[in-house]
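Working through the structure, step by step
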Amino acid sequence: MCKLFDIAYTVAHSEQPFRLFRTLVGLEKKHGVELGVAYQNSKACRLFIEHIAGTMKDQLHDLVKKKPFYCSLLFDGSTDKTTTEKEVISIKVIENGTPRIRLLGIVEPDTCDAQGILKAVAQKCEENQLNLSNCLTATAADGASVHFGKTTGVLTRLQQQSAPWMIKVHCIAHRLELCLKDAFKETYFTQIDDLLIRLYSLYRRSAKKWRQLKDLGEALEEHVLKPTRAQGTRWINHRRKALVTLAANYRSLSVHLLQGADEPGQDKVKLKAYWRQLTSSKFVLHMNWLDFQADELSLSSVRSRVVASQTALLRQRETPGPYLRPVLNAFTSTSSAGVFEFKGVAISHHSTSDEAFRHQRVEIVNRITDCISQRFATFSTDPVLLAAEIFDPHNMPENISAIEPYGDEEVQRLCEHFEPLLLSNGCNVAEVEREWLRAKHDIHQHHRREAFLVLWHRMLTEKEAIYPNLLHLIRIVLVFPVSTAQVERQFSTIKRIQGDWRLRLKLKTIEDLLLIKSQGCDPLEYQSEDAVARWWRAGLSSRRPGIQ
């Protein structure tokens, strides 16, 4: 039975249809593996997957029952291929001293307004024996009005009904996307976006043109990548990938567009326009100036990372980055000739000048930094979020004399804000400040060079008996969410699981498959004994795996 469960887990983790189970079982039998004669069809595979996912849910239920327990909610909604609105709900918890995001479940709200979504969230929390009034610290969602409405939004209702102390977090990935949309509005970057989309459509819809581009790349001894779309749920990363692909294909692409413009056909004028824009100095300079990067962030590093990003952007007003620098040097050094070379393609100067590009660069940098300041203002003004930064060892002063008063006011502020939640979890609030005084000296002497998560993992696993009350606050801070990117990835997984041929899958089955895919280990590392035992106990009558 363990071998059959291993095969079922592999089918689920690989996002394959249940009918593959029978084929893999037959293949194993062919190789001489003894698998009996029963439980070898698609129905058995679905049943095994249900119990495999059930063991993961049981682990979460056991974690919820432990005291102290704190968590934060992350949720988002989307319409799947069956045109049904689904809400994916996850929670961020502390597991073995490390913050982790775990899937709580998938629900289909009766209505897509705030009341319907709140009812769906409450239903899923009740199924998982989760009492939000005793554990909820914060909730993260995108910036939609249905979530962040001041009077009737989902997060506002959660605060009023369950947790008045709850912190509302607008996903930083959505904030950054909105920053760039605001900053790039009515600038040349909208034309770059438009060309990226048109090139993607050109080679996606025409097999002939894509074949010609690949053949041309082989003739030029270049590896050609297929153009990727510049829009999607991965926000900035889609643009970055599209630009990287465009830069890699630049020579082959420009030559192919020029050849198409010289040949008779209905696309002649269109391809000529694409080529002109692609080989203009204005496009080349702006394309190499864009350099987006994304990292996983903890709450303690968001504000410092925002400040560092703004500083780096302001520096680029006068000092070009590593990608732009060689292009700009070639552009300025050949201004008298009127032509410079980029990736083997001659680029004319007529579309812009050095002074005009510098002015545009300064203007756009100023717009981006202003938008970032507006969108990320809460991380600089919210007293609770500011207070949470004191627990990062890199923020602590190096001078021992400055350690004494460090963080005392912030700890007091956090205790006052979360006092009802702390008391309900058995924390002695009066002892927190004393333990913080001892912990400061301990960190300064032994852990000052450690990273934020590494430090508090050691404290939670090795020194809980020394700082039992202070670590209540640490757990609260560690589960603060800063992004809902994990939820967006789960929606992408759902779309892959359903495909075009599995649209009749039940909601519970989709939830089980998503749980295994998003939280399960590699199939080679999976141990199936717990799932088999759960399946064995769940039988209404005696199980008979050896009888068909």
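Rules of the game
- Throughout this description, residue numbers start from 1 for each chain and increase along the sequence as written.
- Local features in a predicted model are, by the rule used here, given only for residues with pLDDT of at least 70; side-chain atom pairs are given and counted only at 80 or more, and totals for whole chains, interfaces and linings are based on all residues.
- Water and hydrogen atoms play no part in the side-chain values, which are based on all heavy atoms of the structure.
- Note on conventions: DSSP H or I runs of at least 4 residues are helices, E runs of at least 2 residues are strands, and numbering of each starts at the N terminus.
- Three exposure classes are used, based on accessible area relative to the maximum for each residue type with a 1.4 Å probe and protein chains only: buried under 20%, partly exposed in between, and exposed over 50%.
- A contact between two residues is defined here by any heavy atoms of the two lying within 4.5 Å.
- Only the protein chains shown count as cover for residues, with accessible areas throughout obtained via the Shrake-Rupley method and a probe of 1.4 Å.
- Residues scored as positive are Lys and Arg, those scored as negative are Asp and Glu, and His as well as the terminal groups of each chain are ignored.
- Lysine's charge is taken at NZ, arginine's at CZ, aspartate's at CG and glutamate's at CD.
- Defined by distance alone, a disulfide is two cysteine sulfur atoms within 2.5 Å.
- Note that patches include only residues with greater than 30% relative accessible area and no salt bridge, and the join distances are 9 Å for like charges and 5 Å for nonpolar side chains (Val, Leu, Ile, Met, Phe, Trp, Tyr).
- We define a salt bridge as a contact between a side-chain nitrogen of Lys or Arg and a carboxyl oxygen of Asp or Glu at a distance within 4 Å.
- The nonpolar core is taken to be a set of buried Ala, Val, Leu, Ile, Met, Phe, Trp, Tyr and Cys residues, with the residues joined through side-chain atoms within 4.5 Å.
- These domain boundaries are the output of an automatic or database domain assignment.
- Only strands joined by at least two bridges in the DSSP assignment are considered to pair.
- UniProt positions are given in the numbering used here, feature names are shortened, and annotations may be inferred rather than shown by experiment.
- Two N or O atoms form a polar contact when they lie within 3.5 Å of each other; inside protein one atom must be a possible hydrogen donor and the other a possible acceptor, and for residues adjacent in sequence the pair counts only when both atoms belong to side chains.
- Here a Phe, Tyr or Trp ring, Trp counted by its six-membered ring, pairs with any other such ring whose centre lies within 6.5 Å, and the pair is stacked when the planes are under 30 degrees apart, edge-to-face when over 60, and tilted otherwise.
- Criterion for a charge above a ring: Arg CZ or Lys NZ at most 6 Å from the ring centre, at most 35 degrees from the ring normal.

The chain is annotated in an unreviewed UniProt entry as HAT C-terminal dimerisation domain-containing protein from Dissostichus mawsoni.

Moving on, we come to the overall build of the chain. Regarding its fold elements, the chain presents 26 helices and 7 strands. Oriented by its inertia axes, the alpha-carbon framework of the chain measures out at about 80 × 75 × 45 Å. Counting across all 548 residues of the chain, residues that qualify as buried make up 48%. Once local pairs closer than 6 in sequence are excluded, the contacts in the chain between residues at least 24 apart make up 71%. Split by element, the accessible area of the chain, about 27200 Å² in all, is 49% carbon and sulfur. In the chain, 74 side chains carry a positive charge and 64 a negative one; their mean positions are 6 Å apart.

Here the focus is the state of the cysteines. A complete count under the given rule lists 0 disulfides for this structure. Summary of cysteine pairing: cysteine 135 is not part of a disulfide, and the nearest cysteine sulfur, belonging to cysteine 71, is at 3.6 Å. Note on cysteine 135: relative accessible area 3%, which makes it buried. Looking at cysteine 427, it has no disulfide partner, and the nearest cysteine sulfur is the one in cysteine 415, 6.7 Å off.

On the surface, Arg204, Arg205, Lys208, Arg211, Lys214, Lys226, Arg229 and Lys495 cluster together into a patch of positive charge. When contributions to the positive patch are tallied by element, the ones reaching two or more residues are α8 (189-205) and α9 (207-219). At 3 residues, the largest contribution of residues to the positive patch is made by α9. Its place among the elements puts lysine 495 in helix α24 (residues 485-498). Residue lysine 495 is classed as partly exposed on the basis of its relative accessible area of 38%.

Here the focus is the nonpolar core. Counting 158 residues, the largest nonpolar core has Leu73, Phe75, Leu130, Phe391, Phe418 and Trp456 as the members making the most contacts within it. Shared between two domains, this core takes at least three residues from each, and those domains are domain 1 (176-377) and domain 2 (383-479). Leave out the neighbours within four places in its chain, and tryptophan 456 touches Gly97, Phe391, Ile443, Leu471, Ile474 and Leu478.

Here strand β7 (residues 345-348) shows a buried face lined by Val345 and Ile347 and an unburied face lined by Ala346 and Ser348. Summarising the sheet, strand β6 (residues 339-342) and β7 pair through 4 bridges and their orientation is antiparallel. Considered in β7, the bridge of glutamate 341 is made with alanine 346. Between β6 and the antiparallel strand that follows it, β7, lie 2 residues; lysine 343 among them carries a positive phi value of about 55°.

Here lysine 270 shows up in helix α12 (residues 268-278). As for lysine 270 and glutamate 389, which are separated by 119 residues in sequence, their C-alpha atoms are 54 Å apart.

Bringing the environment of isoleucine 497 into the picture now. For isoleucine 497, the position within the fold is in helix α24. Note on isoleucine 497: relative accessible area 3%, which makes it buried. Distance in space between the C-alpha atoms of isoleucine 497 and phenylalanine 18 is 11 Å, their sequence separation being 479 residues. Sequence-distant contacts of isoleucine 497, that is, excluding residues within four places in its chain, are made with Glu15, Arg502, Leu505, Leu513 and Leu514.

Here, UniProt's "domain: HAT C-terminal dimerisation" (unreviewed entry) annotation points to residues 451-518. For residues 451-518, the end-to-end C-alpha separation is 26 Å, with 68% helix and 0% strand making up the annotated structure.

This part covers the pairing of strand β4 (residues 136-141). Counting buried residues along β4, 6 of its 6 residues qualify, which places the element largely inside the surrounding structure. Pairing analysis gives 4 bridges linking strand β1 (residues 71-79) to β4, with the strands arranged parallel. Considered in β4, the bridge of serine 72 is made with alanine 138. In this structure, β4 lies alongside strand β5 (residues 167-170), joined through 4 bridges in parallel fashion. When the bridges of β5 are listed, alanine 141 appears paired with histidine 170.

In this section: the side chain of glutamate 15. Take glutamate 15: it is sitting in the loop between α1 (2-13) and α2 (20-30). Judged by relative accessible area, glutamate 15 falls into the buried class, the value being 17%. A polar atom in the side chain of glutamate 15 sits 2.9 Å from the side chain of arginine 496. For glutamate 15, the residues in contact, after removing those within four places along its chain, are Thr493, Arg496, Ile497, Arg502 and Lys517.

Bringing the domain arrangement of the chain into the picture now. When cut into domains, the chain gives domain 1 (176-377) and domain 2 (383-479). Computed from C-alpha coordinates alone, the two centres of domain 1 and domain 2 are separated by 45 Å.

When you line up the elements, histidine 256 lands in helix α11 (residues 250-262). Polar side-chain contacts of histidine 256 include one of 2.7 Å to the side chain of tyrosine 203. Excluding residues that lie within four positions of it along the chain, histidine 256 makes contacts with Tyr203, Lys209, Gln212, Leu213 and Leu216.

Going through the model one piece at a time under the given rule, you end up with 16 aromatic pairs. Here phenylalanine 5 and phenylalanine 48 contribute two aromatic rings whose centre-to-centre distance is 4.3 Å and whose plane-to-plane angle is 25°, an arrangement assigned as stacked. Pair noted here: phenylalanine 5 is in helix α1 and phenylalanine 48 is in helix α3 (residues 42-65), with a separation of 43 residues, a long-range link. For phenylalanine 5, a relative accessible area of 0% puts it in the buried group. Ring centres of phenylalanine 48 and tryptophan 535 lie 6.0 Å apart, and the angle between their planes is 90°; on these two criteria the pair is classed as edge-to-face. Separated by 487 residues along the polypeptide, phenylalanine 48 in helix α3 and tryptophan 535 in helix α26 (residues 529-538) bring together distant segments of the chain. Connected via pairs of aromatic rings, a cluster forms that spans Phe5, Phe21, Tyr39, Phe48, Trp535 and Trp536. Looking at arginine 175, its charged tip hangs above the ring of phenylalanine 376, at a distance of 5.7 Å from the centre.

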